[in-house]
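Residue strings, one per chain:
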Amino acid sequence: MPLLEVKNLQVRVEEREILHGLDLTVNAGEIHAIMGPNGSGKSTLSHVIAGKPGYEVTGGEVLFKGEDLLSMAPDQRAAKGVFLAFQYPVEIPGVATMTFLRTALNAQRKARGESEYSTPDFLKKVREVAKSLSIPQEMLKRGVNVGFSGGEKKRNEVLQMALFEPSLCILDEMDSGLDIDALRIAADGVNALRSPDRAMIVITHYQRLLNYIVPDFVHVMSKGRVVKSGGKDLALELESTGYAQFDDAA
Amino acid sequence: MNVAVAKTGTERRLSDVFALARGRLPGDGRVAEVRQAAIEVYERLGLPHRRVEEWKYTDLRALMREVLPLAPLPDAAVLLRAREALASIAMAGAQKLVLVDGAVVPELSDLGASAPDVTIRTLREILDDAANAARADLLLTETSDAMVSLNAAMATDGVVISIADGAHVAAPIQIVHIAVASGASAFTRSHVRVGNGARATLVENFVAAGGARGYQAHDAVILSVGDDVVLEHVRLMADAPDAVNITSDAITIGARSKLNMFNMTGGGAVSRFQGVIKMAGEGSELSVNGVNLLRGTQHGDTTLVVDHAVPHCTSREIFRAVLDDRARSVFQGRIIVRPHAQKTDGKMMTRALLLSDQAEADNKPELEIFADDVTCGHGATSGALDETLLFYLRARGLPEKDAQALLIQAFIGEAIEPIGNDDLREFATSVAQRWLEVRA
């Protein structure tokens, strides 16, 4: 059974159809890159999979491990193993990062019927992962993402990914706003999480990110559909030819 | 010749209440004269209503309707119920001063166990002490507020605390008001004098004994803070769901002192905490923070006047309201800077979180600045929980109510965190948590 099956997905936002029948199949262990110009529906796809309010699914279905994902609340999806790394991680003043991490992890475990992490185990795990991502302990005491740089916010997303151990990671424009060094640290963190049990969907504008996170498959989206799929070489090809060629195809 | 004045039923009732109470009110001679003058001021004004500017959002004629008769003096059965209520809020290590239905109860209080630098007497004993030439001063008020005048006329008891110069009082002084009688009023009035160089923590709780319903708590606190004082003053109002609580504080702060105040309003049907705080000595710092947690049809009002009468003082007000259902929260904050009070730094920020479309927040900040070299500012916001933040938390696995609770705690945290005493800060946090749990 595929990990994720998106079948003929049609989505509207405020009376405007954004996705016009999108198909995508992702198996465990695979890394899929989704590329495409602004407005092609890449972020909409990631939001609909994660369960963000404000999108109306007018047709098609999304199955996750064979279950109907669209009928689940966002927190249920997270507990089942869906993780969206946000393009713009939000700042939450007054909620300490550590409190947030522990509350979220234990909420997911509780939803799965698992026991809560003990405090020492939790702290040990957070410290290990934070160290590997060059996240200072000091940052974990601050409000969630408050005063974090762009790179720090993205690393904090990777930290959560490592902590929650999801089976599907969706990285929405992870490279936006990052310089090369920050990008490399974040990408190294993501690569460390590659596993035969885990799949990733890497949404990006540019080929650059795919030098660091090398995909198995590349899909090109245009005007709400996947218009071309191929191997990692497709990304290189796009870099030279651009997206304009797909305008007519859509 | 008597001029006939049309009175509402409410006002007629009040005259009866005062007449009936007269035999219960301590103090004769000059004290009785002061009471009579106060009740005349009240009778002229009547219950505050929406055409009185300071009360425009809290129309007591509509919300309270009438002043209830005094509660009977507590008997043994009442004290038993009060003792149970006390157990849930008594702070470990605090010096407790307990008033039940408006009467100081020595057997529930630590009157005798005072620190050597702290003198505690009851209002009743001072007012009844004919040899004390200044006793009537305890009922004098400077304002023309109807409810302050009513309190002066009707006050049955209270605590009169004096903290000596230089005293460092480690144990918090906890004044606990317990309502036991249903459908009755308690009128209390306390005086606290904090001597020069003293340090202390003052806590006030308002609670209902199990089964106490529909009562009215009318309280006044006159707090005089000397020079070089460090004082923390925390008020926690947790009245019965259909109770009324009207409290008026009059505070004067000397030079180079620090007063850190916190007020939490929850519980009652109608609550008003009004305070006039005068910065009377240079170089002092005032912090007044507050949280209103209201649901159902509760109405909670915090009205503060910070009067910068001298130069070089700082005042900060952080106020947060969380409103569910059809609850209504009022914050009125006035900062006055007198003509010579240069280098005043006064700021207030009030924010309301509306969890329901039918909740209402009224914010009225006012600045009256008569000096030209000052820094003053105010801000007011009201709105719903941020959907973007909620989705982020839910996408990380938090169920909707948990995500909301976390954001609400963060929202009020800014007002609670400045509480210096760890136990009190934790207590205020736990009150908020319980409020959120009821919601979930």
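On a predicted model such as this, the values are computed, not experimentally measured, just so you know.

Re the pairing of strand E11 (residues 258–266) of chain B
Within a regular strand, side chains alternate between the sheet's two faces.
All names here are of chain B.
Item 1. With respect to burial, E11 is a largely interior element, eight of its nine residues being buried.
Item 2. Pairing geometry for E11 and strand E13 (residues 285–294), over eight bridges, is parallel. By the bridge assignment, Asn260 is partnered in E13 with Ser287.

So, the nonpolar core
Item 1. Ranked by size, the top nonpolar core spans 216 residues in total, and within it Phe83 and Ile170 of chain A together with Ala82, Ile178 and Ala179 of chain B carry the most contacts.
Item 2. Top element by residues in this core is helix H8 (residues 400–416) of chain B. It accounts for eight residues.
Item 3. Summarising the domain contributions, this core has at least three residues from each of domain 1 (9–281) and domain 2 (385–440) of chain B.
Item 4. Once residues within four sequence positions are removed from consideration, Ala179 of chain B is found in contact with Asp101, Ala186, Ala208, Ala209, Ala212, Tyr215, Ala217, Asp239, Ala240 and Ala243 of chain B.

Things to note about unusual backbone geometry
Item 1. Despite not being glycine, Glu165 of chain A shows a phi value in the positive range, around 50°.
Item 2. Position of Glu165 of chain A relative to the elements: it lies in the loop between helix H6 (150–164) and strand E9 (168–172).
Item 3. For His312 of chain B, which is not glycine, the phi torsion reads 60° and is therefore positive.
Item 4. Turning to its location among the elements, His312 of chain B is positioned in the loop between strand E14 (299–308) and strand E15 (314–323).

Notes on the sheet that holds strand E10 (residues 199–204) of chain A
Backbone hydrogen bonds hold the strands of a sheet together, and the pairing may be parallel or antiparallel.
All names here are of chain A.
Item 1. Here six strands make up an open sheet; going across it, the order is E6-E9-E10-E3-E11-E12 and the pairing mixed. Each end of this open sheet is capped by a strand with a single partner; those strands are strand E6 (82–85) and strand E12 (225–230). Sheet twist, expressed as the mean angle between neighbouring strand axes with direction ignored, is 20°.
Item 2. Pairing of E6 with E9, which is carried by four bridges, proceeds in the parallel orientation. Bridging across to E9, Ala85 finds its partner in Leu171.

Describing the interface of chain A and chain B
One widely used convention gives an interface's size as the accessible area the parts lose upon coming together.
Item 1. Each partner contributes to the interface: chain A provides 20 residues, whereas chain B provides 17 residues.
Item 2. Of all elements in the fold, only helix H2 (74–80), strand E7 (92–96) and helix H3 (97–111) of chain A reach the threshold of two or more residues within the side of chain A that touches chain B.
Item 3. If you tally residues by element for the side of chain A that touches chain B, the top one is H3 of chain A, at five residues.
Item 4. The residue inventory of the side of chain A that touches chain B, partitioned by class, reads 14 nonpolar, four polar and two charged.

About the thresholds
- Residues numbered from 1 in each chain as written.
- Chains lettered and ligands numbered in written order.
- Predicted model: local features only at pLDDT ≥ 70, side-chain atom pairs only at ≥ 80, totals over all residues.
- Buried ≥ 20, exposed ≤ 12 C-beta atoms within 10 Å, placed from the backbone.
- Helix = DSSP H or I, 4+ residues; strand = E, 2+ residues; numbered from the N terminus.
- Pairing = 2+ DSSP bridges.
- Core = buried A, V, L, I, M, F, W, Y, C linked by C-beta atoms within 7 Å.
- Domains from an automatic or database assignment.
- Contact = placed C-beta atoms within 7 Å.
- Axes fitted to C-alpha atoms, helices over the stretch in contact; angles between N-to-C directions.
- Nonpolar A, V, L, I, M, F, W, Y, C, P; charged D, E, K, R; others polar.

In short, geometric facts, not functional conclusions.
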